[in-house]
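Chain by chain, the residues run as shown.
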Amino acid sequence: MALPWTLHGDGKHVPTHAIVGPGERLTWPRTIGLGMQHVVAMFGATFLVPVLTGFPPTTTLFFSGVGTILFLVITKNRVPSYLGSSFAFIAPISAAVASQGMGSALFGILAVGLLLALVGVIVQVTGTGWIDALMPPVVAGAIVALIGFNLAPAAKNNFVAAPITALVTLAAVILSTVVFRGILGRLSIVIGVVVGYIVAAIRQEIDFSKIADAAWVGLPEFHLADNPISNPAVWAVLPAFLPVVLVLIAENVGHIRGVAQMTDASVNKQTGRALLSDGLATMLAGFGGGSGTTTYGENIGVMAATRVYSTAAYWVAGLFAVLLGLSPKVGAVINTIPAGVLGGVTTALYGLIGIIGVKIWLDNKVDFSKPVNQFTAATALIIGIADFTWVAGGDVSFNGIALGTIAAIVIYHVMTTIGRWRKTA
């Protein structure tokens, strides 16, 4: 059976103003090298989610690789993308694990994946117009921003556990973005973790005992989601997870549009398939013990730097991630990362998630002289940052992310509707 990619030119050189499209590839040694670059680009963010939430790292890596391969199959090799761990899941997973256990968090991930897959089917039939209407830029930006800023206390708790290591790690993350050029400059999280890890080892803040005991090869640590029929209490975690669906929609749609702008406008036609793919990949992770997935902007950076958008490189990346997931030794090393390193990295990283929301406002030229935009963003952010909570019926709790998301959508549409009726908008 012939492989679906055609060789770009001689397979060795990419002219200055040319690109290697999704259906093309370079020579296989170069394609494998590019695939490794994509693994490195996604790795720093993907392994942090399980470390921060207590999930098994190798399981999450395994399902991110499987999810990426599933994404490529469903989108028919037309959309170059890696599905890594979504940071939007960190807060609801942490809350669910603390209150109901890991199984309840997996049930929440499964539910998010199911809803996202359904949205993908609808978009495939109807297009994305209704998404733009439901979540205009001021709403989408507010939701993404409040998710990042809501995590600030978690970053502080890790930072104060080992402030010197955390400070060195944070400095390494920040400085590496301006000291290094090209791909190294885009790997600031990985560099920060490596530098912080070395400092933590010197300061004897790491327990290496479990690394020696871990096998080099073995199955990842699979876990099943709780059954809501036998354990109805898990329904209580859903309010914290449902806003994540909106973030994943925004991330996927943004990713597709970004790739289409850099390659071919026809990529936009794959938006429904991309949402469906990410939804199914997230469901698969929820079934087996991995974290939810999303399309990764880190890998767009690699493509922009190399001008190679070949989906063949993503097959390499996905398969390599699966292999990493089959090494308990890798998971043991990741699990030794101490609190100080995590505190330094997440101080920058959680803030960057918030700034992505701000960037959505800037890119779409949101006019904050309009009261509807002012109150939509302001109210949602305060609710999210302060982590307002509301308990309904004694069991179901809505956290700051859920309430902030609801506030952003309701305030915008109510104010807009009344403004048009009263002609004050």
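Residues numbered from 1 in each chain as written. Predicted model: local features only at pLDDT ≥ 70, side-chain atom pairs only at ≥ 80, totals over all residues. Heavy atoms only, no water.

Filter applied, for reference: UniProt positions are given in the numbering used here, feature names are shortened, and annotations may be inferred rather than shown by experiment.
As recorded by an unreviewed UniProt entry, the protein chain carries the name Nucleobase:cation symporter-2, NCS2 family and is attributed to Plantibacter cousiniae. Its UniProt record gives the protein chain the following Subcellular location (unreviewed entry) comment, quoted word for word: "Membrane". Under the Sequence similarities (unreviewed entry) heading, UniProt states for the protein chain: "Belongs to the nucleobase:cation symporter-2 (NCS2) (TC 2.A.40) family."

### Comments concerning helix α19 (residues 400-422)
Worth spelling out the cut-off: Think of it this way: any DSSP run of H or I at least four residues long counts as a helix, any run of E at least two long counts as a strand, and we number them from the N terminus. What a helix should span is 1.5 Å times the count of its residues minus one.
The end-to-end C-alpha separation of α19 is 31 Å, in line with the 33 Å expected for 23 residues at 1.5 Å each. Positive phi shows up at lysine 423, right after α19, with a value of about 60°.

### A word on the environment of proline 328
Cut-off, in case you're wondering: Each residue gets one of three labels from its accessible area relative to the maximum for its type: buried under 20%, exposed over 50%, partly exposed in between, using a 1.4 Å probe on protein chains only.
With respect to the helices, strands and loops of the structure, proline 328 is situated in helix α16 (residues 328-335). Of the residues examined, proline 328 reaches a relative accessible area of 25% and is grouped as partly exposed. Along the chain, proline 328 and glycine 357 lie 29 residues apart, while their C-alpha atoms are 36 Å from each other.

### Digging into the packing of aromatic side chains
Put simply, the test is: Two aromatic rings from Phe, Tyr or Trp, using only the six-membered ring of Trp, form a pair when their centres are within 6.5 Å; if the ring planes differ by under 30 degrees the pair is stacked, by over 60 it is edge-to-face, and anything between is tilted.
Enumeration over the complete set of coordinates arrives at seven aromatic pairs. Summarising the aromatic geometry, the rings of phenylalanine 62 and phenylalanine 222 are spaced 5.9 Å apart at their centres and angled 75° between planes, so their arrangement reads as edge-to-face. Residue phenylalanine 62 is found in helix α2 (residues 57-74), and its partner phenylalanine 222 is found in the loop between α11 (209-213) and α12 (238-262); the two are separated by 160 residues along the sequence. Residue classification places phenylalanine 62 among the buried residues on the basis of a relative accessible area of 16%. One aromatic cluster in this structure is built from Phe62, Phe63 and Phe222.

### Side note on the packing of helix α8 (residues 163-179) against helix α10 (residues 188-202)
Quick note on the threshold: In this analysis, axes come from line fits to C-alpha atoms, helices being fitted only over the stretch in contact, and the angle between any two N-to-C directions falls in the range 0 to 180 degrees. Roughly parallel covers angles under 35 degrees, roughly antiparallel covers those over 145, roughly perpendicular covers 65 to 115, and oblique covers all other angles. By convention, the crossing between two helices is left-handed when the near helix turns anticlockwise from the far helix through less than a right angle, and right-handed when the turn is clockwise. Only heavy atoms matter for contacts: two residues are in contact if any of them lie within 4.5 Å across the pair. In this classification, Asp, Glu, Lys and Arg are treated as charged, Ala, Val, Leu, Ile, Met, Phe, Trp, Tyr, Cys and Pro as nonpolar, and every other residue, Gly included, as polar.
Remark: α8 packs on α10, axes separated minimally by 8 Å, with the N-to-C direction vectors making an angle of 150°. Compared by their axis directions, α8 and α10 come out roughly antiparallel. Relative to α10, α8 is oriented so that their crossing is right-handed. For the pair α8 and α10, the contacting residues are Thr165, Val168, Thr169, Ala172, Val173, Ser176 and Thr177 in the first and Ser188, Ile189, Ile191, Gly192, Val195, Gly196, Val199 and Ala200 in the second. For the contact of α8 with α10, the class distribution of residues is eight nonpolar, seven polar and no charged.

### Focus on unusual backbone geometry
Its identity is not glycine, yet asparagine 77 carries a phi of approximately 60°, on the positive side. Structurally, asparagine 77 is set in the loop between α2 and β3 (83-85). For asparagine 77, a relative accessible area of 16% corresponds to the buried category. Backbone geometry places glutamine 204, a non-glycine residue, at a positive phi of 60°. Within the secondary structure, glutamine 204 sits in the loop between α10 and α11.

### A short note on the confidence of the model for the protein chain
Put simply, the rule reads: Each residue carries a pLDDT score, the predictor's confidence in it, ranging from 0 to 100.
Counting all residues, the mean pLDDT for the protein chain is 86, and 96% of those residues have values of 70 or more. Per-element confidence in the protein chain ranges from a low mean pLDDT of 65 for helix α9 (residues 182-185) to a high of 94 for helix α4 (residues 102-126).

### A short note on a nonpolar patch on the surface
We apply this condition: Only residues whose relative accessible area exceeds 30% and that form no salt bridge are eligible for patches; like-charged ones are grouped when within 9 Å, while nonpolar side chains (Val, Leu, Ile, Met, Phe, Trp, Tyr) are grouped when within 5 Å. The Shrake-Rupley method, run with a 1.4 Å probe sphere, supplies the accessible areas, and residue values consider only the shown protein chains as cover. In what follows, salt bridge is the name for a side-chain nitrogen of Lys or Arg lying within 4 Å of a carboxyl oxygen of Asp or Glu.
A cluster of nonpolar side chains, Ile406, Val410, Val414, Ile418 and Trp421, forms an exposed patch at the surface whose accessible area comes to about 500 Å². Topologically, isoleucine 418 is positioned in helix α19. Overall, the relative accessible area of 44% leaves isoleucine 418 in the partly exposed class.

### Points about the pattern of salt bridges
Oppositely charged side chains may form a pair once their charged atoms are brought near each other. One pass over the structure, following the stated rule, counts three salt bridges. Aspartate 363 is the partner of lysine 359 in a salt bridge, and the nearest nitrogen-oxygen pair spans 2.7 Å. Taken together, the positions of lysine 359 and aspartate 363, both in helix α17 (residues 339-363) and four residues apart, correspond to about one turn of that helix.

### Here we look at the environment of threonine 60
Positionally, threonine 60 belongs in helix α2. For threonine 60, a relative accessible area of 2% gives the class buried. Put simply, threonine 60 and glycine 331 are 271 residues apart on the chain and 9.9 Å apart in space, counted from C-alpha to C-alpha. Residue contacts for threonine 60: discarding those within four places in its chain leaves Thr46, Pro50, Phe55, Ser85, Gly290 and Ser291.

### Here we look at the environment of valine 139
Locating valine 139 in the fold gives a position in helix α6 (residues 137-150). By relative accessible area, which is 0% here, valine 139 ends up buried. It is 13 Å that separates the C-alpha atoms of valine 139 and proline 371, two residues lying 232 residues apart in sequence. Not counting chain neighbours up to four residues away, the residues in contact with valine 139 comprise Thr376, Ala408, Ile409 and Tyr412.

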